[in-house]
Amino acid sequence: MTKIINIKHHTMLDANDLKLLDAKGITREQIEEQLDCFKEGFPFLEIAASASVEKGIKVVSKEEQALYMHAWDHYLGQQHKIVKFVPASGAASRMFKNLYEFLSAEYTEPTSGFEKKFFEDRKKFAFYQVLDAACEKNEGKGIEDLVEEGNYKGVVANLLESKGLNYGQLPKGLLLFHTYPEQWRTAMEEHLAEGAMYAKSNTGDIYVHFTVSPEHQALFEQLVTDKKGWYEEKFSVAYKVSFSVQKSSTDTIAADMDNQPFRDKNGQLLFRPGGHGALIENLNEIDGDVIFIKNIDNVVPDSFKCSTVIYKKIIAGVLISLQKKMFAYLELIDSGKYSHAQVEEMIHFLQDELCIKNPETKYLEDAELVLYIKDKLNRPLRVCGMVKNVGEPGGGPFLAVNPDGTVSPQILESSQIDLNDPQKKAMFEHGTHFNPVDLVCAVKDYKGNKYHLPDYVDKNTGFISYKSKDGKELKALELPGLWNGTMSDWNTVFVEVPIETFNPVKTVNDLLRPEHQ
């Protein structure tokens, strides 16, 4: 007889379930917590304002730019470990959504604007020649002959399916993005090149870490083996490339419409990847003094990298300049030898530089004030490059009310804001800036110890999405996003960066934009 275990009197798990939990490294308490999230939903976050250059977003003047870049170059010359962290898991299938629709359409010639653009500009894609070779091998004809005879779907099938390039199933990092006179480069290679331009340590080492899905790791490793030497010679550097996969212990349980554990047709519990925010576990295991974070698809060819590199150095310069002040204040607090004027200076630093407002500070005695200041300063620090909003979907920078009543900069998704409240809706719609393009993080304290990053996550900032499996509806639990609730309790500084530093590739035709050519 199967042993049934009842937890908190409402979830029935059998021996097979417990075995599965054990294999994934998930506790029964976690399952309970997650099921409670389905039942109760997530509270909206209280927001005080959308961040703007008038309030909460720093604009770096020309003079300051030079100072911050100099500060960063000086820091690179010392004994520090800099890591470039690139989330790169997940297949690129969404990039080809329009082409999949074309494949299954009843018509055979390009009809939509997207389809026409793809075929008109086909020779501009970096993958044109390898696709041509795949068509030749599988169809006995190259791209131009297939197009000539009206076999457009044959070309697309060779791009997306396993008989050809299999781009529909590969991750974005392994796709050819850009054309150079001497080579074609994948998105992953562009990150290697970019890292050489602002993250080289004083020993000439560059640490790059990619989070990948387990089924693609070997392909990434092979690409590094094949290409590393060429880039090392070109940039006179030594690459230290590492990989990690999203831990299965961060998967979340799926629920049915009654908020009970969802079971597949074999009666097995269904778990789903917990989303981007799960990568905080991977980030937590990185040993670095400063960590740059940037998505895999936000890269440009070398000819366009100048602005990207300048602003990477600027935001890193802002980070280490702030950190230096914070460390000095924390050491002063530890010494006990501070004056009332210095306490006031620290409060102004919190308010003016870190944009942390606390309506209660005026009621606190000096001793309480110092504890409050120490608590706020002694946290991980991130500087986020924010671009002006040009109508892209997604979240943005806000001044949000924290559980302790303080107000500080936060990056929020639309799902975290009560859009039924006219005031909140107006703040969301009038936001001037968009989700971060770049993050640079300092994850060690003033004594040189690493912060334990999962301690700084606000678990109340996940969200629920609706999916289906085997024709049955289910609810999926997304963990707090990596730069949303997962970094909620960090010190956060927003810096305005130019739009040309933001060039994501969401669809295959984005590769035809001038900045990717």
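Residues numbered from 1 in each chain as written. Predicted model: local features only at pLDDT ≥ 70, side-chain atom pairs only at ≥ 80, totals over all residues. Heavy atoms only, no water.

Asker: Explanation requested: the overall build of the protein chain in the structure shown.
Answerer: A count of helical and extended segments in the protein chain gives 15 helices and 19 strands. For 517 residues, the compact-globule estimate of 2.2 N^0.38 gives 24 Å, and the protein chain sits close to it at 25 Å. Taking the principal axes of its C-alpha atoms as reference, the protein chain extends roughly 80 × 70 × 45 Å. Each of the 517 residues in the protein chain was classed as buried or not, and the buried ones make up 53%. The contacts in the protein chain between residues at least 6 apart in sequence include a share of 75% that link residues at least 24 apart. Per element, the accessible surface of the protein chain, about 23600 Å² overall, is 50% carbon and sulfur. Within the protein chain, one finds 59 positive and 76 negative side-chain charges whose respective centroids are separated by 2 Å. (Helix = DSSP H or I, 4+ residues; strand = E, 2+ residues; numbered from the N terminus. Rg over C-alpha atoms; globule rule 2.2 N^0.38 Å. Buried < 20%, exposed > 50% of the residue type's maximum accessible area, 1.4 Å probe, protein only. Contact = heavy atoms within 4.5 Å. Areas by Shrake-Rupley, 256 points an atom, 1.4 Å probe, with all protein chains shown as cover. Lys, Arg positive; Asp, Glu negative; His and termini not counted. Charge placed at Lys NZ, Arg CZ, Asp CG, Glu CD.)

Asker: Honestly, the sheet that holds strand E9 (residues 238-245) in this entry has me stumped. Any pointers?
Answerer: Each strand in a sheet pairs with another by means of backbone hydrogen bonds, the pair being arranged parallel or else antiparallel. Taken in spatial order, the eight strands of this open sheet run E4-E19-E13-E16-E12-E5-E8-E9, and their pairing is mixed. Here the strands that pair on one side only, and so sit at the sheet edges, are strand E4 (57-58) and E9. Summarising the sheet, E4 and strand E19 (residues 491-496) pair through two bridges and their orientation is parallel. Considered in E19, the bridge of Lys58 is made with Val495. Sheet strands touched by helix H9 (residues 187-198): strand E5 (82-87), strand E8 (205-212), E9 and strand E12 (290-293). Its angle to E8, the strand with the most contacts, is close to 145°. Helix-sheet contacts for helix H12 (residues 305-335) involve E4, E12, strand E13 (381-388), strand E16 (433-442) and E19, and the interaxial angle to E13 is about 145°. (Pairing = 2+ DSSP bridges. Axes fitted to C-alpha atoms, helices over the stretch in contact; angles between N-to-C directions.)

Asker: Honestly, the confidence of the model for the protein chain in this entry has me stumped. Any pointers?
Answerer: Detailed reading of the predicted model is not advised wherever pLDDT is low. The predicted model of the protein chain averages 91 in pLDDT, with 97% of residues at 70 or higher. Taken element by element, the protein chain is modelled with least confidence in strand E1 (residues 4-7), mean pLDDT 37, and with most confidence in E12, mean pLDDT 98. This model gives residues 1-9 a pLDDT under 50, and the stretch forms 20 contacts once residues within four places in sequence are excluded. (pLDDT = per-residue confidence, 0-100.)

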